[in-house]
Amino acid sequence: TCRILAAEVLDMPNMTSWVKAFRRAARIDPRYWGLHNYIDANRLRTTGTRRLLKTVRGQVWFTETGGIVSRTNRRKVTFPESAEHAATATRFLFDELVPLSRRITRVYVYQWNCYAGPKTWDSGLIGPSGKPRPAFRVLQRVLAERAARTLGAS
C-alpha cells in the first residue's frame, strides 16, 4: 500500500497557521502528516510536536528527526550541538516525543552516516571515521528494548 503524506512541516512558530491554510486550500482532512521536529528534539521540549498533534487528525510521521552534532548552515534557531547532545536529543525523541500520541506511527532518524569533508549539517549516527557515535548506542538500546517488549508480548 502506498501512503502519501499531505505535507511535511518543520516545528517552527508558523507551522500551525501554515497547516490550517494548507487544509483550507486542499479541502480535505489528510490522513498522514510528516514532521521534522529537530527543534523539539534538540531543545528537549514537546511544544511543536504537541501543537501539530492538536492541529491535525490522522497519523504523524517523524520524517526527519534526531540529534544534531553540528551545523554550519545559516541557522536561525540555536541549541547545543555535539555528539553527546545528539545522544541526549535522540533519547528524548524516543522517551518523550514518540509517546505523546499513538498517532505518531513512524520515526525516520536523520542521518545514518556523517561523511568526511565539508558539510553544512551533521546529525550522523556514525561519525566520519566510521565509528558509532553515542546517539547510535541510544538507538541500539531503544530498538533492543522494543524488541524485548514485542517478544515478551507474544
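Below: a short report on this structure. Just so it is clear, the model here is predicted, and its values are computed rather than measured. (Residues numbered from 1 in each chain as written. Predicted model: local features only at pLDDT ≥ 70, side-chain atom pairs only at ≥ 80, totals over all residues. Heavy atoms only, no water.)

The calculated volume of the largest pocket comes to roughly 250 Å³. Taken together, the residues that form the lining of the largest pocket break down as eight nonpolar, two polar and six charged. (1 Å grid on protein atoms, 1.4 Å probe; cavity = no way out; pocket = protein on both sides within 12 Å on 5 of 7 lines; lining within 4 Å. Points joined across faces, edges and corners; volume = space filled by probe spheres on them. Nonpolar A, V, L, I, M, F, W, Y, C, P; charged D, E, K, R; others polar.)

This paragraph deals with the nonpolar core. Counting 26 residues, the largest nonpolar core has Val19, Leu35, Leu52, Val60 and Phe62 as the members making the most contacts within it. At the level of elements, α1 (15-26), β2 (32-36), α3 (47-55), β3 (59-65), α4 (83-97) and α5 (134-153) are the ones that each hand at least two residues to this core. In contact with Val19, other than residues within four places in its own chain, are Val9, Trp33, Leu52, Thr55 and Val56. Core analysis: the next-biggest nonpolar cluster, separate from the first, contains five residues, Ile39, Ile68, Val77 and Phe79 among them. (Core = buried A, V, L, I, M, F, W, Y, C linked by side-chain atoms within 4.5 Å. Buried < 20%, exposed > 50% of the residue type's maximum accessible area, 1.4 Å probe, protein only. Helix = DSSP H or I, 4+ residues; strand = E, 2+ residues; numbered from the N terminus. Contact = heavy atoms within 4.5 Å.)

With that settled, the discussion passes to α4. Under the 1.5 Å per step criterion, the end-to-end length of α4 is 20 Å for 15 residues, consistent within 8% with the ideal 21 Å. Among the 15 residues that make up α4, 11 are buried, leaving the element largely enclosed by the rest of the structure. Residues of α4 that are buried sit in contact with α2 (38-43), α3, β3, β5 (104-109) and α5. (Expected span 1.5 Å × (residues − 1).)

A word on the environment of Trp61. Mapped onto the secondary structure, Trp61 falls in strand β3. For Trp61, a relative accessible area of 6% gives the class buried. Distance from Trp61 to Gly34, taken between C-alpha atoms, is 4.8 Å for residues 27 residues apart in sequence. Not counting residues up to four positions away in its chain, the partners in contact with Trp61 are Arg3, Leu5, Tyr32, Trp33, Gly34, Leu35, Thr105, Arg106 and Tyr108.

By themselves, these are just geometric observations and shouldn't be taken as functional.
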